[in-house]
6 protein chains.
Amino acid sequence: MPYIQVMITEGATAEQKAELVEGITDLMTRVLNKNPTTTHVVIKESATENWGIAGRTVKQLRAEGSPKVSPR
Amino acid sequence: MPYIQVMITEGATAEQKAELVEGITDLMTRVLNKNPTTTHVVIKESATENWGIAGRTVKQLRAEGSPKVSPR
Amino acid sequence: MPYIQVMITEGATAEQKAELVEGITDLMTRVLNKNPTTTHVVIKESATENWGIAGRTVKQLRAEGSPKVSPR
Amino acid sequence: MPYIQVMITEGATAEQKAELVEGITDLMTRVLNKNPTTTHVVIKESATENWGIAGRTVKQLRAEGSPKVSPR
Amino acid sequence: MPYIQVMITEGATAEQKAELVEGITDLMTRVLNKNPTTTHVVIKESATENWGIAGRTVKQLRAEGSPKVSPR
Amino acid sequence: MPYIQVMITEGATAEQKAELVEGITDLMTRVLNKNPTTTHVVIKESATENWGIAGRTVKQLRAEGSPKVSPR
């Protein structure tokens, strides 16, 4: 019955998303004994101008080459 | 004052969304006696590759014709 | 497959919650033709000091007898 | 370590978003003494047909010139 | 920089929660190459009267011995 | 019409929460010209065993005196 939301900046491939869905569902089943049939994993992607960390958007941090965020 | 979030896979029409907003607001007013003026309903649509159930994305399940998800 | 979150201030009874769950699930089935078996409705209750509207918490507004919020 | 989600209808500029991220992060640091480095602010924009208030979508309310919503 | 929310009914132990946090963080690092230092996992527990599935609360389903939910 | 959710570990006072509500509502009005009357700010507090960062819960990190989290 669990519901998991994954918030990330955009850029993941369909294959990576499928791998996340499978991995998180496995974890919920193994650790909490949850029924996989009713386990939902939803991925929410945000544009880099919509995600801020340490007071600046990821878009700004990447433009400045900040080490606080991965290059892409 | 309530705030309701509806998470679905994409594909609903503007008419269906308006009907949901009206129906949920009515429910909040009728069941909980909430003021409709401050009742917010927000609909979040996800791509089928961003929604997983039972360890696989809806995109994968639909491609396989799985009975776990509606055809569209 | 939908997932609906209902955010309200605390105070609803178990009966009211059950009625909301039933009503919202019916709406999702009727309006969007969703499968009720995979429709989740989760209710999140917040203390009145944790909910703000118009720049003040509901706790403050109620203490002041503000017409902006219901008395309870 | 805080995580703040800002849900708005679409239309904000990148500059406004950066200003929100900066302002909210400052508040978390000043009021709660939180470490800005681990403070995340994520902005979620919704289409006006996906946001309802008082039982009608913002799209409908704007088309009717309702005073309940700002003109844009 | 990712943020993951895990919504479950209450009842998990501190050890299970720690295992989930570790497992999900590992997944984000391995699959998406995300920096673990800025990966947040937040677990939200709901009372069984606050979680509905198929139009009924988990509290009701468990009282009825429904096979739709795990016994605890 | 905006809705802002603030996720933090538990421990803030009612005064700090009221200050956050006021500050964030002011920001939304000043930066985005939003109507404060329909601006909602909801604060969600989590137990330290329910919040993970860098693969470990805040409860574990504090017990170890980790510099990654504030002492309280």
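Predicted model only: the values in this text are computed from it and were never measured. (Residues numbered from 1 in each chain as written. Chains lettered and ligands numbered in written order. Predicted model: local features only at pLDDT ≥ 70, side-chain atom pairs only at ≥ 80, totals over all residues. Heavy atoms only, no water.)

1. Digging into the packing of helix α1 (residues 14-32) of chain D against helix α1 (residues 14-32) of chain F
Running from amino to carboxyl end, α1(D) crosses α1(F) at an angle of 165°, the nearest separation of the two axes being 10 Å. With respect to α1(F), the axis of α1(D) lies roughly antiparallel. For the crossing formed where α1(D) meets α1(F), the hand is right-handed. From α1(D), Q16(D), E19(D), L20(D), G23(D), I24(D), L27(D), M28(D), R30(D), V31(D) and L32(D) reach across to α1(F), where they touch Q16(F), E19(F), L20(F), G23(F), I24(F), L27(F), M28(F), R30(F), V31(F) and L32(F). Residues that form the contact of α1(D) with α1(F) fall into these classes: 12 nonpolar, four polar and four charged. (Axes fitted to C-alpha atoms, helices over the stretch in contact; angles between N-to-C directions. Helix = DSSP H or I, 4+ residues; strand = E, 2+ residues; numbered from the N terminus. Parallel < 35°, antiparallel > 145°, perpendicular 65-115°, else oblique. Left-handed = near helix turned anticlockwise from the far one by under 90°. Contact = heavy atoms within 4.5 Å. Nonpolar A, V, L, I, M, F, W, Y, C, P; charged D, E, K, R; others polar.)

2. A few points about the interface of chain E and chain A
Listed as interface residues are 27 residues of chain E and, on the opposing side, 27 residues of chain A. Both faces considered, chain E and chain A share a buried interface measuring about 2400 Å² in area, 72% of it formed by carbon and sulfur atoms. The salt bridge involving E19(A) is made with R30(E); its shortest N-O contact spans 3.8 Å. Counting the contacts that link chain E with chain A gives five residue pairs in polar contact (both at pLDDT 80 or more). Among the secondary structure elements, those contributing two or more residues to the side of chain E that touches chain A are β1 (3-9), α1 (14-32), β3 (51-53) and α2 (58-63) of chain E. Considering every element that reaches the side of chain E that touches chain A, the biggest residue donor is α1(E), with 10 residues. Of the residues assigned to the side of chain E that touches chain A, the class counts are 18 nonpolar, five polar and four charged. (Buried area = accessible area lost by both parts, 1.4 Å probe. Salt bridge = Lys/Arg side-chain N within 4 Å of Asp/Glu carboxyl O. Polar contact = N/O pair within 3.5 Å; in protein donor to acceptor, adjacent residues only side chain to side chain.)

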